[in-house]
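Examination of the molecular architecture
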Amino acid sequence: MAGEQPGPGRERQAKIYRDGVFGRRPRVPTDFAGLEAAARRKASVRGWAYVAGGAGEGATMRANRAAFERWAIVPRVLRDVSRRDLSAELFGRRIPAPVLLAPVGAAELLHPEADRAIAGAAADLGLPYIFSSQACFSMEECAAVMGEAPRWFQLYWSRDEGVVDSFLSRAKAAGCEAIVVTLDTTMLGWRPQDLNLGSLPFSRGEGIAQYLTDPRFRELVRERLAAGIGGATPGGRPTFAAVKTLLTMTRKFPGSFAANLRSPEPRAAVETFLETYSRPSLTWEDIATLRDRTDLPVLLKGVLHPDDARRAADMGLDGLVVSNHGGRQVDGAIASLDALPAVAAAVGDRMTVLLDSGVRTGADVLKAVALGADAVLIGRPHAYGLALAGREGARDAVANIVAEFDLTLGLSGLTSIAEATPEILVN
Ligand SMILES: Cc1cc2nc3c(=O)[nH]c(=O)nc-3n(C[C@H](O)[C@H](O)[C@H](O)COP(=O)(O)O)c2cc1C
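Residues numbered from 1 in each chain as written. Predicted model: local features only at pLDDT ≥ 70, side-chain atom pairs only at ≥ 80, totals over all residues.

Things to note about the site of the ligand
Note the threshold: Near, for a residue, is defined by distance from a backbone-placed C-beta atom to a molecule or strand, with 6 Å as the limit that must not be exceeded. Helix and strand assignments come from DSSP, with helices taken as H or I runs of at least 4 residues and strands as E runs of at least 2, each series counted from the N terminus. Only Asp, Glu, Lys and Arg are considered charged, only Ala, Val, Leu, Ile, Met, Phe, Trp, Tyr, Cys and Pro nonpolar, and every remaining residue, Gly among them, polar.
Inspection of the region around the ligand gives 24 residues, with A102, G105, T182, G326 and G379 positioned closest. Where the shell around the ligand is concerned, the elements lending two or more residues are α3 (45-52) and α18 (380-411). Its residues assigned to classes, the shell around the ligand shows eight nonpolar, 13 polar and three charged.

Remarks on unusual backbone geometry
What counts here: Residues with at least 20 other C-beta atoms within 10 Å of their own are called buried, those with 12 or fewer are called exposed, and the rest are partly exposed. The C-beta atoms themselves are positioned from the backbone.
At F91, a residue that is not glycine, the phi angle is positive and equals roughly 50°. Among the residues examined, F91 registers 15 C-beta atoms within 10 Å and is labelled partly exposed. Of note, the phi angle at H325 is positive, near 65°, even though the residue is not glycine. A tally of 24 C-beta atoms within 10 Å means that H325 is categorised as buried.

A few points about the pairing of strand β7 (residues 179-182)
Remark: a regular strand shows side chains that alternate across the two faces of the sheet. To keep it simple, the criterion reads: With its strands directed away from the observer, a crossover is right-handed exactly when the path from the first strand over the helix to the second travels clockwise. Any two strands with at least two DSSP bridges between them are considered paired.
Residues I179 and V181 line one face of β7 and the alternating positions V180 and T182 line the opposite face, and both faces are buried. This β-α-β element, strand β6 (residues 151-155) to helix α7 (residues 161-173) to β7, shows right-handed connectivity. Summarising the sheet, β7 and strand β8 (residues 298-301) pair through four bridges and their orientation is parallel. Considered in β8, the bridge of V180 is made with L299.

Some details on the nonpolar core
Note the cut-off: A set of buried Ala, Val, Leu, Ile, Met, Phe, Trp, Tyr and Cys residues, joined to one another through C-beta atoms within 7 Å, is what we call a nonpolar core. In this document the domain limits rely on a domain assignment from an automatic tool or a database.
Among the nonpolar cores identified, the biggest contains 125 residues, and V99, L320, V343, V376 and V398 are the most heavily contacted of them. If you tally residues by element for this core, the top one is α18, at 14 residues. When residues of this core are sorted by domain, at least three fall in each of domain 1 (7-193 + 283-426) and domain 2 (209-276).

Thoughts on the packing of helix α2 (residues 32-42) against α18
Rules: Note on geometry: axes are lines fitted to C-alpha atoms, helical ones only across the stretch in contact, with angles between N-to-C directions running from 0 to 180 degrees. Working definition: roughly parallel below 35 degrees, roughly antiparallel above 145 degrees, roughly perpendicular at 65 to 115 degrees, and oblique for all remaining angles. Contacts are defined on C-beta atoms placed from the backbone: any two residues whose C-beta positions lie within 7 Å are in contact.
For the pair α2 and α18, interaxial distance at closest approach is 8 Å and the crossing angle is 95°. It follows from the interaxial angle that α2 and α18 lie roughly perpendicular. Where α2 abuts α18, its residues F32, L35, E36, A38, A39 and K42 lie against P381, Y384, G385, A387, L388 and A397. Counted by class, the contact of α2 with α18 contains nine nonpolar, one polar and two charged residues.

Considerations on the packing of helix α5 (residues 114-125) against α18
As a reminder of what qualifies: Each crossing gets its hand from how the near helix is turned against the far one by less than a right angle, where anticlockwise is left-handed and clockwise is right-handed.
Look at α5 against α18: their axes get within 8 Å of each other, and the N-to-C directions meet at 15°. For the element pair α5 / α18, the angle class is roughly parallel. Like other packed secondary-structure pairs, α5 and α18 cross with a definite hand, here right-handed. Only H382, L386, G390, R391, A394, R395, V398 and A399 of α18 make contact with α5, whose side of the interface consists of A117, I118, G120, A121, D124 and L125. Looking at side-chain class alone, the contact of α5 with α18 contains eight nonpolar, three polar and three charged residues.

What to know about helix α4 (residues 59-70)
Put simply, the rule reads: Each helix should span, by expectation, one fewer than its residue count multiplied by 1.5 Å. What the arc describes is the spread of directions from the helix axis to the C-beta atoms.
In this model, α4 (12 residues) spans 16 Å end to end at C-alpha, consistent with the 16 Å of a helix rising 1.5 Å per residue. Along α4, the residues that are buried comprise T60, M61, A63, N64, A67 and F68. An end-on view of α4 places all buried positions within 160° of arc, on one side of the element. Where α4 is buried, its residues touch α16 (336-347) and α17 (362-370).

Quick word on the pairing of β8
Across the two faces of β8 the burial is the same, with V298 and L300 and L299 and K301 all buried. Across three bridges, β8 lies against strand β9 (residues 319-322) in parallel orientation. By the bridge assignment for β9, L299 is matched with G319.

Quick notes on the domain arrangement of the chain
Taken domain by domain, the chain comprises domain 1 (7-193 + 283-426) and domain 2 (209-276). When each unit is reduced to the centre of its C-alpha atoms, the spacing between domain 1 and domain 2 is 32 Å. On the domain 2 side, the residues contacting the 13 residues of domain 1 number nine residues. For the side of domain 1 that touches domain 2, the element with the most residues is α7, which contributes four residues.

Some points on the environment of D160
Looking at where D160 falls in the secondary structure, it is placed in the loop between β6 and α7. We classify D160 as buried; it has 20 C-beta atoms within 10 Å. Through-space distance from the C-alpha of D160 to that of R279 is 9.1 Å; in sequence the pair is 119 residues apart. Residues in contact with D160, not counting those within four places in the same chain, are L220 and T276.

Put into structure tokens, the structure is as follows:
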């Protein structure tokens, strides 16, 4: 038909069915339940606990899914949907779909290429990847595999203001186009899956690459060592696990392994990280300083109350990520989708509003956009794809969601995200 465009949904379907004729099945299952089950089989016990786990009894994770399931799309028929435009514009940059890859720390628990593979996957899709403060490869290393593709930086506010400034300027130099300040993790939530294994990646030197490559952080470590703080070998008989951890930390530290083994710095770096990486005393006054510290757009991640949203808009900040951190922080928290309509109404068109937590399918993307999100962040699905097949796996997991979003949009009688308004939903 003249002017018809298959779009990413039909293209992806066609490729998968064509491969099927030759007996090839998709490496990354196309449904979330299958993806999750396959990733679980592949992951280590510790890796699975960290990535799939949540806070407390998991009530927030369940609430996230229940909120999506409560809303139903009411499709309309007989409206030429042969051409669909999925694209969205965020801070002047047009992206092919209203989807970003959420920051995930310590991804090396799932795959050795970790963030570098996720960055490559995002670049393959032309969708932004938000580099995590807790990445396993530095933002510079990740940027290096992305070409001109969009990338943002997620900041955990260190107790050391010098580290904050250093991260902000490195992010700008690495081509990041926005700063996302995560506010819901000034302390780690109560995470029984990790606690029951006694497993915190960072205490083994996993997920602290941004710090180990940071000049100000390294200086801080040396200052502390000079002052006699940190770097001491824990007392008692060394256990096999302790020696293994020590070797891992030493290997991760920049420089030669032999020199690192003799140096107190790797251990001191981990201790320094654990004592400084976030600040429970953070307030709006700190956030206000950001305007003078970066010229990049600033978004706050973890906002769920409309009053907080309004305050952020009044301060002239640029965006919000309505998020409960995938249910990893406060057990029994409001589902982020349930929080979205009031937050979006509170800021109107003064801010860009993004949403994450529980987005698993293309239909979820449509529901979030209809309820006021300009775009969504995908979290665990890309991490599970990474676990299965590195860069290609992360790419396919997100491509599947985008493909389904395209088909769902069209099959609902819509041809662009602007047409996705609350009227297309009932609950
Ligand atoms: C393994 C893992 C690590 C995460 N690390 C970070 C992080 O370093 N910084 C951050 O702001 N959010 C982090 N998050 C939260 C995600 O950015 C996102 O908010 C969440 O995964 C969305 O929920 P979903 O996984 O249900 O899609 C992490 C999430 C997971 C699953």
